[in-house]
Structure formats: C-alpha cells, structure tokens
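A structural walkthrough
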2 protein chains.
Amino acid sequence: MPASNLIRLRGPYAPVLTPFKADLCIDTGRFVEHCRWLESQGMGLAIFGTNSEAASVSLDERIELTEALVAAGVDPMKLMPGAGLCAIPEAVRLTRHALSIGAPGVLVLPPYYFKTPSEDGLFAYYSELVEQVGDARLALYLYHFPQMSQVPITVALIERLLKRYPDTIAGLKDSSGDWDNTRTMIERFASHGQGFSVFPSSESTMTRAIPLGAAGCISATNNVNPARVRALFDLLDAKGDASEIESLQRDVDAVRSIFQRLPMIAAMKSTLARARDARGWNIVRPPLQSFDESAARDLDAQLARIGFELAPQQA
Amino acid sequence: MPASNLIRLRGPYAPVLTPFKADLCIDTGRFVEHCRWLESQGMGLAIFGTNSEAASVSLDERIELTEALVAAGVDPMKLMPGAGLCAIPEAVRLTRHALSIGAPGVLVLPPYYFKTPSEDGLFAYYSELVEQVGDARLALYLYHFPQMSQVPITVALIERLLKRYPDTIAGLKDSSGDWDNTRTMIERFASHGQGFSVFPSSESTMTRAIPLGAAGCISATNNVNPARVRALFDLLDAKGDASEIESLQRDVDAVRSIFQRLPMIAAMKSTLARARDARGWNIVRPPLQSFDESAARDLDAQLARIGFELAPQQA
C-alpha cells in the first residue's frame, strides 16, 4: 500500500450538509446518520465544504463532528474534510486532526479575507501549511471557488505547488462552474506525477469530465441524489453502455437543475426535512435562511413532477 | 456611571498591527510594547482589525493577546477588539471574552464567506450574536468594509438593528472610503437615542467628519502617526483655531497619502522595523507579503522628504 499522500482520491463526494437544532447548536446525531446514509449510497464524505456551511461552523465543532463520525464507525478513508481557514495556525490544527484520524486527504480553500493576494502570497500560505503540518501522510486538495472565496487557484499557482510538493498536492475541486477551466485543469494536471484528482462541482459534467480524466465530482446535490450519481460514475468509470450513460446523465441532470436554480443549501435541507419527517433539517445558521412553507411546497411539487424521491435511511 | 452598553466610544483608534516572529508565531512582547506606545500617544486600541491581519490570527491567539495586554496594565477601557467571525459560536466566544476583561465595545464584521446574504440573514447574524452573548454590558460596533468583506452594512440594516437593540448597537466603522456614505451614516444615526459613534477609516476625513458628528476615526496609519492624529482630533473636538486645524490636517494627510498608495500593512510594518531597529516588525503572515529592501528604502525616502519620523517608544 502506498503512503497515504500518494493515494489519489476518486469517486463522487457529497459536501455533507450540517444539521442544526432549534437553538442553532449542531445536531451531531443527525449528522452521523446522514453521513452513514451517504456512505451506504456510495458517497465519499467531503465534510466541511461550502454546502456544509463550514464557514458558520467553529473549529472546535468541526473537530467534535469528525470525532463523532469515527466513533460511529464511519470509515475515515471515506473522509475529505475541509481544512482551509484564513489563519494558518487554525488550518494547521484542523489538517493535523484530519491526519490523526486517518483521513486520506483534506480540501483547502485559499485564505479568503484579503482580496487580490499575490501568487507569491498564496504559494506562501499553502507552503506554510504543508511545512507546519510536517507530516508525510498529508495529501492536499486545492479548493477553487472564485465566486465565493474571491481568490482563484490559477494554473501557475498549481504548477509551482506541484513542483515544490509533488507528492503532497493531490488535486483540485473546481467550483468555478466554468467547463473550460475544468477541462484545462484535467488536461494540464490529471496525469501529473502521482496523478492529480480533479473534482468538478457538479454531476452534470460527469459524462464529459470522467472520460477526460476527472476523478469524480464533489457536488452539493450528492446530498440528496447519491445513489444515481454513484451509478453514473461507476458506469463511466467502467466505460459502460453509452445509451445507459446518456439516460442516467439526463436523470441526474433533471434533479440537479431544480436545486441549482434555488438557494441550494436551504433547498436540500428542506427536502431532507420532508423526506425524513424531521423539521430540524430545515435549520441553517445565519446569514443563510431556511425555506418557508411556500418555497418548500413549490420545491416538493417540482421534484414530484420528475418523480424524484429521496432514498430511505436504513433503520 | 452609565451601564457600559450606554457608553459611546469617541476618539482616534489604531487598528493595531500584529507583530510576528521569524517562525510566524505572534511576538506578544512586541505587541504589548506597541499597544503601550499607542496608548501613550493618545490612541484607542482597535485590536484585531483588518490592519491587524486579524483574519490570519487564530481565535486562541486573539484571546491570549488580549490577556497579555490586560496583564501588562493596558487600560481595558481603551480596547475595541474585533470580534466578527463567520461562525457565530466563535464570535460569541470572542465577544464574551472582550466583555469579561472590561472592553467597552467590540467591532463586528458581518459574516463574509457567503456572498450576497439577505438583509434578513444579516439581521439574524447580529441578532443571534447579541442574544447568545446575553450580556447587558455589550456595546456592538458594526464594521462596514464592503471592498474586503463583500457584504455591506446598509442603512436599512442599521435601522432594524437599532430598533431592536437600541442600547447595544453603538456605532459603525465605515471603511468604504466613500465620503457620501460616511456623511449619510453620521447624519442619519449619530444623534440617535444614546448616540451612535461613526468612525471613518481615515484621518483625512476628520476636518469634515468631526464637526458633522463623527466620533473619531479608526485608521491604519494611526499606527505610525498617532500623536498628530490625536492632536487634530482634540483641536476639532474643542472647536479650535481653524488655521491650526487646517495646517494639522494637511500634515496628517501628507503622511496618510504616502502609505495609502502602498500595501499599507507591509508599509507600516517596514516603517516600524526601521524606526525600532527591529527587523521582526517586517514579518506578515501569508497571504500578505513583506516589503523587500528596495520598497523599504523607497518608502523611507518618501517619508524623509516630508520630514516624517516615528515618535520614539518610551524605555
């Protein structure tokens, strides 16, 4: 078995939604249940991504939630925790914790408070993180989401990082929604050295992206439609039947396109609340806002029209 | 003496620069020295603002630095700590800590990861913070810095917050650099209820802003030019001699305009490094970058041309 920093992750991941209680505390039990269900549906667990409201979750809460998953028997090899925090000491702490529980990779936003940082400054951020973590097991996935972070991860930055840390820099999540950028990332880097896993942020790109060399996808809607996205990935991975792929791609696109037009986090939580008969699922932390009754009914009606139903949770 | 949430802060504040050591750890001793010097020059201490690189400083480090100031005998009434963190539990923890050591106000950024939050969502963020802190002593200053946070604090939001928490919402730092916005904030809110302290982000506005009712300024360059900015504030506050005010305003503008054209944090740190003969002052945390020798020499030459010298530190 290769050192863990030489493993390159593959497959579909869900940026796991974080459930809260009425007092806005974390609902750890429900979080663990949701993770176990996603795992049972074939998903990797990108805990503490944007759709996890990670920015609204404290460092201590992230560590506690991760510990709760491990205690509940979730396979740490399925985890890709978000560990990008603007303050390097906090990013180091979270990354070390991820390594300590056996996670095979972390997903790291650039520091996003200061705008228009230089390429040297961003290189220094990632470089400090790698050096201060100081652990050969580290596999770091870069998180490119310019609309949210305002700080892009450029080709030039990736090249410099790969040159300096060829074993450690393991891939990229591309949340730009810009197919040209995703294709560029795959073509330039996917076959680099040990490999470089490019994860687009939507299952809608899979039929194009996987044959080019993408590693999978890390997509919000994998929280609600995991089994079919997994099936599509497996079919593509096995170079399966083209018409079957086309049909399944159309299928997952139909679900995606409904959620994509909405505030996705609140919409997915509303869907989980209805399907699991658990009103608490609706709760988000400010500044986000929950769906009201009318938005929820409208979403339900749209999903009913395409015959979508959330897969049940195992007892 | 009124309850501390009924005090409205006034005067010039420095968003205190945070010194680091070569290994990027905080240089606590130098931080305390700098704060004591600023205090001796008549500055309030807006620790953990943008210019403090607060985004790059961990929550634990902020608490330790605050404790160090109190232990060194800095007057807690001079402090206005930055406590705006995207995760409400962390903002609550930092705000409670500030209250526990006797700080008469905290400066609170809006949550800045999620872009284009609704006004309801921002209201809910501040409202949750106030309710969860649950301390009648809380005086909260809103921090408007749309270029950095991407999330503006609007007139409508302030009106809603003042209506709900008239004693607690105590003022605003306006870092927009937009004089029309600053004037609007002063005219609409400065004489509201218990008063509402508007702090522009540059001493260059003082001659216009103080007579209108601004409370002072919270300006980066107060880190290097504190005594003259204090003198200007005091003159304006006492409705002093107009030609003396004009001359002093021109004086502080000359210094401000040099730094304003540069990456201000690195430039001010470079100036402190030279004046204090302490190379460590140059250090910034990524993604920011320190000045190189040539940029430092150029800045020195510009400052020399206007006869600027940093006031010495007391032994």
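Thresholds applied
- Residues numbered from 1 in each chain as written.
- Chains lettered and ligands numbered in written order.
- Predicted model: local features only at pLDDT ≥ 70, side-chain atom pairs only at ≥ 80, totals over all residues.
- Heavy atoms only, no water.
- UniProt positions renumbered as here; feature names shortened; annotations may be inferred.
- Helix = DSSP H or I, 4+ residues; strand = E, 2+ residues; numbered from the N terminus.
- Buried < 20%, exposed > 50% of the residue type's maximum accessible area, 1.4 Å probe, protein only.
- Contact = heavy atoms within 4.5 Å.
- Polar contact = N/O pair within 3.5 Å; in protein donor to acceptor, adjacent residues only side chain to side chain.
- Least-squares fit on C-alpha atoms with pLDDT ≥ 70 in both.
- Salt bridge = Lys/Arg side-chain N within 4 Å of Asp/Glu carboxyl O.
- Core = buried A, V, L, I, M, F, W, Y, C linked by side-chain atoms within 4.5 Å.
- Pairing = 2+ DSSP bridges.
- Right-handed = clockwise from strand over helix to strand, strands pointing away.
- Axes fitted to C-alpha atoms, helices over the stretch in contact; angles between N-to-C directions.
- Buried area = accessible area lost by both parts, 1.4 Å probe.
- Nonpolar A, V, L, I, M, F, W, Y, C, P; charged D, E, K, R; others polar.
- Expected span 1.5 Å × (residues − 1).
- Arc of directions from axis to C-beta.

This brings us to the UniProt feature "binding site: pyruvate" (unreviewed entry) in chain A. Residue and element names in this part refer to chain A. The UniProt feature table records "binding site: pyruvate" (unreviewed entry) at I218. Note on placement: I218 falls in strand β7 (residues 216–218). We classify I218 as buried; its relative accessible area is 1%.

In this section: the UniProt feature "active site" (unreviewed entry) in chain A. The feature "active site" (unreviewed entry), as given by UniProt, occupies Y143 and K173 of chain A in the numbering adopted here. The greatest C-alpha distance among the residues just named is 4.9 Å, despite their covering 31 residues of sequence, which places them together in space. Inspection of the secondary structure puts Y143 of chain A in strand β4 (residues 140–144). By relative accessible area, Y143 of chain A is classed as buried at 4%. What Y143 of chain A contacts, discounting residues up to four positions off in sequence, is T50, L107, V108, L109, P110, I153, K173 and S175 of chain A together with Y113 of chain B. Here T50 of chain A takes part through its side chain, which lies 2.7 Å from a polar atom of the side chain of Y143 of chain A.

Moving on: the relation of the copies chain B and chain A. With an axial shift of 0.0 Å and an RMSD of 0.0 Å, the rotation relating chain B to chain A amounts to 180°. Seen this way, the second copy is the image of the first under a two-fold rotation axis. Scanning chain B for the C-alpha nearest the rotation axis identifies Y113 of chain B, at a separation of 4.2 Å. By residue overlap, the copies meet face to face through one surface: 100% of the interface positions of chain B are interface positions in chain A.

As a further point, take the environment of D241 of chain B. Residues and elements named next belong to chain B. Within the element layout of this structure, D241 appears in the loop between α9 (226–237) and α10 (242–260). For D241, a relative accessible area of 41% puts it in the partly exposed group. The spatial distance from the C-alpha of D241 to the C-alpha of I265 is 33 Å, given a sequence separation of 24 residues. A polar atom in the side chain of D241 sits 2.8 Å from the backbone nitrogen of E244.

Side-chain pairs of opposite charge can arise where the charged atoms are in close proximity. Evaluated as defined, the whole model comprises 38 salt bridges over all chains. Of the charged contacts, one joins E131 of chain B and R164 of chain B as a salt bridge, the two residues approaching to 3.1 Å between their closest N and O atoms. Pair noted here: E131 of chain B is in helix α4 (residues 119–133) and R164 of chain B is in helix α6 (residues 155–164), with a separation of 33 residues, a long-range link. The partly exposed category is assigned to E131 of chain B, whose relative accessible area is 43%. Look at R164 of chain B and you get partly exposed, because its relative accessible area is 46%. R230 of chain B is the partner of D234 of chain B in a salt bridge, and the nearest nitrogen-oxygen pair spans 3.1 Å. With D234 of chain B and R230 of chain B both in helix α9, this residue pair falls 4 residues apart, about one helical turn. Each member of the salt-bridge network shares a partner with another, and the members are R274, E293, R297 and D300 of chain A.

We now examine the nonpolar core. Counting 235 residues, the largest nonpolar core has Y113 of chain A together with Y113 of chain B as its most contacted members. Those residues in contact with Y113 of chain B that lie beyond four places of it in its chain are T50, A55, L109, Y112, Y143, F145 and M148 of chain A together with C86 of chain B.

Turning our eyes to something else, we now look at the pairing of strand β1 (residues 11–14) of chain B. All names here are of chain B. Pairing of β1 with strand β7 (residues 216–218) involves 3 bridges; the strand directions are parallel. By the bridge assignment for β7, G11 is matched with G216. Where β1 and strand β2 (residues 44–45) come together, 2 bridges link them in parallel fashion. From the neighbouring strand, Y13 faces β2, where its bridge partner is G44. Between the parallel pair β1 and β2, the chain is carried across by helix α1 (residues 28–40), and the sense of this crossover is right-handed.

Residue and element names in this part refer to chain A. Spatial ordering of the open sheet is given by β2-β1-β7, a layout of 3 strands whose pairing is parallel. The strands lining the two open edges of the sheet, one partner per strand, are β2 (44–45) and β7. Along the sheet face, helix α9 (residues 226–237) touches β1 (11–14) and β7 and points at about 160° away from the line of β1.

This brings us to the interface of chain B and chain A. Contacts between the two partners involve 43 residues from chain B and, on the opposite side, 43 residues from chain A. Carbon and sulfur atoms supply 67% of the area that chain B and chain A bury against each other, a total of about 3200 Å² over both sides. When the buried surface of chain B facing chain A is broken down by residue, Y113, F114 and P287 of chain B rank first, second and third, together holding 26% of it. Summed over the shared surface of chain B and chain A, the result is 0 salt bridges. Across the contact surface, chain B and chain A share 10 residue pairs in polar contact (both at pLDDT 80 or more). Counting only elements with at least two residues in the side of chain B that touches chain A, the list comes to α2 (59–71), α3 (88–100), α4 and α5 (146–149) of chain B. A breakdown of the residues in the side of chain B that touches chain A according to their chemical character gives 24 nonpolar, 9 polar and 10 charged.

With that settled, consider helix α12 (residues 293–305) of chain B. Residues and elements named next belong to chain B. Helix length check: α12, at 13 residues, gives a terminal C-alpha distance of 18 Å against a target of 18 Å (1.5 Å per residue), a fit within 8%. If you check which residues of α12 are buried, you get A296, L299, Q302 and L303. Mapping the buried residues of α12 onto a view down its axis gives an arc of 125°, with all of them on the same face. Away from its buried face by more than 90 degrees, α12 exposes A304 and R305. On the buried face of α12, the contacting elements are α10 and α11 (264–275).

Turning our eyes to something else, we now look at helix α10 (residues 242–260) of chain A. Residue and element names in this part refer to chain A. Compared with an ideal rise of 1.5 Å per residue, which puts 19 residues at 27 Å, α10 spans 26 Å between its outermost C-alpha atoms and is within 8% of the ideal. Three or more residues of α10 are buried, namely I245, L248, Q249, V252, V255, R256, I258 and F259. Here the buried face of α10 lies against α8 (206–212), α9, α11 (264–275) and α12 (293–305).

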